[in-house]
Amino acid sequence: WFTDLLPAGNGERYTQDFLLDVFNILFNHIQKTFNGKSKVLDFHHPHQLLEGLEGFTLELSDEPEPLEQILVDCSDTLKYGVKTGHPRYFNQLSSGLDMIGLAGEWLTATANTNMFTFEIAPLFIIMEELIIKKMQELIGWREREMDGIFSPGGTISNLYSVLVARYKFFPIVKTKGMAALPRIVLFTSEHSHYSFEKTSAVLGIGTENVIAVKCDDRGKMIVSDLEEKILKAKEQGHVPFYVSATAGTTVYGAFDPFSEIADICEKYGLWMHVDMCYASKASYTSFDFWTTERLIFVACLSHVESEEGLLQACNQMCAKYLFQPDKPYDVTYDTGDKTIQCGRHVDIFKLWLMWKAKGTCGFELQINKCLENAEYLYKKLKTLENFELVFPDEVAAKIKARMMEEGTAMVSYQPLKDKPNFF
């Protein structure tokens, strides 16, 4: 029973046996994950999972269950889950399973702490600062010229960018709210991530004030259309304040013309953000460490701003029970007050450990290999006479569904209205 485990008296032996059994379950799953002959997913519909499968039930009981059943539950949870490290998993977010990152995740769970003050997470706070500085070097900004934090994902990172940009131009919004502001508008390409509309809804800007800029046939933002829409917004009495360019759009993987967009932003005094969720190798205003999505899955993401102190000024609320100024260390290492969530899950260690294990050169080689594989696939597809663009979205959806139900593969497809899909 769980009561026999540590910290119970004489619980060491039971705890060791239990954790060793858990490790064996995890390791067996890892082996199956890398076995190309295994299924990507043992698919079941929601009602089947709710009804229970071969003795495995998701229902919660009033009485505790024995450790033997807990081990079965652990095994079955992996059995009926998706093997995101499988060679034929190409769906969203996760891809591959890095053993060093996995070890980092295990250590993070064992440490069982939270990131908001130096006193409860000293090493992790320093690791985050060091990696942010490393990114600063890669971007090319001078020392003390930037600030940043790690966030749970791309949507939150993009939200931070709009949040701090709005505060930069209208600091009164922090105390008076949107009622004290004119009608502000922001611009993204028509192929940009949907999170900008969600962000505008959350921040009270409104989705109607997110203006989509036309793209060319390669999916790149048309700069002339951007300028036209900025001028039109001004004529209507609106206040443009923000432009998001994209380094690797979700469907086409397109890179917007950053230099030209930067010139427009400088001309009209707008904040420029670069959403780099698919292209963290490049280095611009925001640096999203998703050498994760499709490339190296680390499951952590950074948001970097080019003005030091802006995150702190925008978000701090000076909660005295957490952020006392008279602590026996440099309190600038208490990072919780410059975030919107205060406490954050410790994602930084697995990235730090992977960086230690691979080095910057190792990351570069791994990413380049992914790009070479993509180019190889592209060239192979071009040589196939029976391969063509698929127009009806229904075809791709049915193919995906069949592969998922059979467990043979799991792929991602993004239907784009009135545009062809590669499958």
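Right above here is the structure, for reference.
Everything quoted here is computed from the prediction, not taken from an experiment.

Peer 1: When you look at the packing of helix α9 (residues 223-235) against helix α10 (residues 258-268) in this model, what are you seeing that I'm missing?
Peer 2: Helix-helix packing is characterised by the crossing angle of the two axes and by the distance between the axes. Look at α9 against α10: their axes get within 10 Å of each other, and the N-to-C directions meet at 20 degrees. By the angle class used here, α9 and α10 are roughly parallel. Judged by the sense of rotation from one axis to the other, the crossing of α9 with α10 is right-handed. Within the contact between the two elements, α9 uses Val-223, Leu-226, Glu-227, Ile-230, Leu-231 and Lys-234 and α10 uses Glu-260, Ile-261, Ile-264, Lys-267 and Tyr-268. Looking at the contact of α9 with α10 residue by residue, the class counts come to 7 nonpolar, no polar and 4 charged.

Peer 1: Sorry if this is basic, but what is going on with the nonpolar core here?
Peer 2: With 23 residues, the main nonpolar core has Val-162, Leu-186, Ile-205, Phe-241 and Tyr-242 as its most contacted residues. Counting only elements with at least two residues in this core, the list comes to α6 (154-169), β3 (184-189), β5 (239-246) and α11 (310-315). In terms of residues, this core owes the most to one element, α6, which gives 7 residues. The next biggest cluster of nonpolar side chains, apart from the first, holds 21 residues, and it includes Val-213, Met-221, Leu-270 and Met-272.

Peer 1: How should the packing of aromatic side chains be read in this particular structure?
Peer 2: How two aromatic rings sit relative to each other is given by the distance of their centres and the angle of their planes. Inspection of every chain in the model, using the stated rule, returns 12 aromatic pairs. Three or more aromatic residues joined by ring pairs form one cluster here, namely Phe-23, Phe-27 and Trp-106. Positioned above the aromatic ring of Tyr-14, the side-chain terminus of Arg-13 is 4.6 Å from the ring centre.

Peer 1: Would you mind going over α10 with me for this structure?
Peer 2: Because each turn of an α-helix spans 3.6 residues, side chains separated by three or four positions end up pointing in the same direction. Those residues of α10 that sit buried are Phe-258, Ile-261, Ile-264, Cys-265 and Tyr-268. Buried residues of α10 fall within an arc of 125 degrees about the axis and therefore sit on the same side. Of the exposed residues in α10, the ones pointing more than 90 degrees away from its buried face are Ser-259, Asp-263, Glu-266 and Lys-267. In the core, the buried residues of α10 are packed alongside α9, β5 and β6 (271-275).

Thresholds, definitions, all that
Residue numbers run consecutively from 1 along every chain, following the written order of its sequence. The predicted origin of the model limits local features to residues at a pLDDT of at least 70 and limits the giving and counting of side-chain atom pairs to 80 or more, whereas totals for whole chains, interfaces and linings rest on all residues. Remark: hydrogens and water are excluded; side-chain values derive from all non-hydrogen atoms of the structure. All axes are obtained by fitting lines to C-alpha atoms, using only the stretch in contact for helices, and the reported angles, taken between N-to-C directions, cover 0 to 180 degrees. Strands here are runs of E lasting at least two residues and helices are runs of H or I lasting at least four, both read from the DSSP assignment and numbered beginning at the N terminus. Orientation is classified from the angle alone, with under 35 degrees giving roughly parallel, over 145 giving roughly antiparallel, 65 to 115 giving roughly perpendicular, and any other angle giving oblique. For a crossing to be left-handed, the near helix must be turned anticlockwise from the far one by less than a right angle; the clockwise case is right-handed. Whether two residues are in contact is decided by their heavy atoms, any of which lying within 4.5 Å being enough. Polar here means any residue outside two lists: the nonpolar Ala, Val, Leu, Ile, Met, Phe, Trp, Tyr, Cys and Pro, and the charged Asp, Glu, Lys and Arg; Gly therefore counts as polar. What we call a nonpolar core is a set of buried Ala, Val, Leu, Ile, Met, Phe, Trp, Tyr and Cys residues that are connected through their side-chain atoms within 4.5 Å. For every residue, the accessible area (1.4 Å probe, protein chains only) is compared with the maximum for its type, and the residue is labelled buried under 20%, exposed over 50%, or partly exposed between those bounds. Whether two aromatic rings pair depends on their centres lying within 6.5 Å, for rings of Phe, Tyr and Trp, where Trp uses its six-membered ring; planes under 30 degrees apart make the pair stacked, over 60 edge-to-face, and the rest tilted. Placement of a positive charge over a ring is assigned whenever Lys NZ or Arg CZ falls within 6 Å of the ring centre and within 35 degrees of the normal to the ring plane. Regarding the arc, it is the one traced by the directions from the helix axis to the C-beta atoms.

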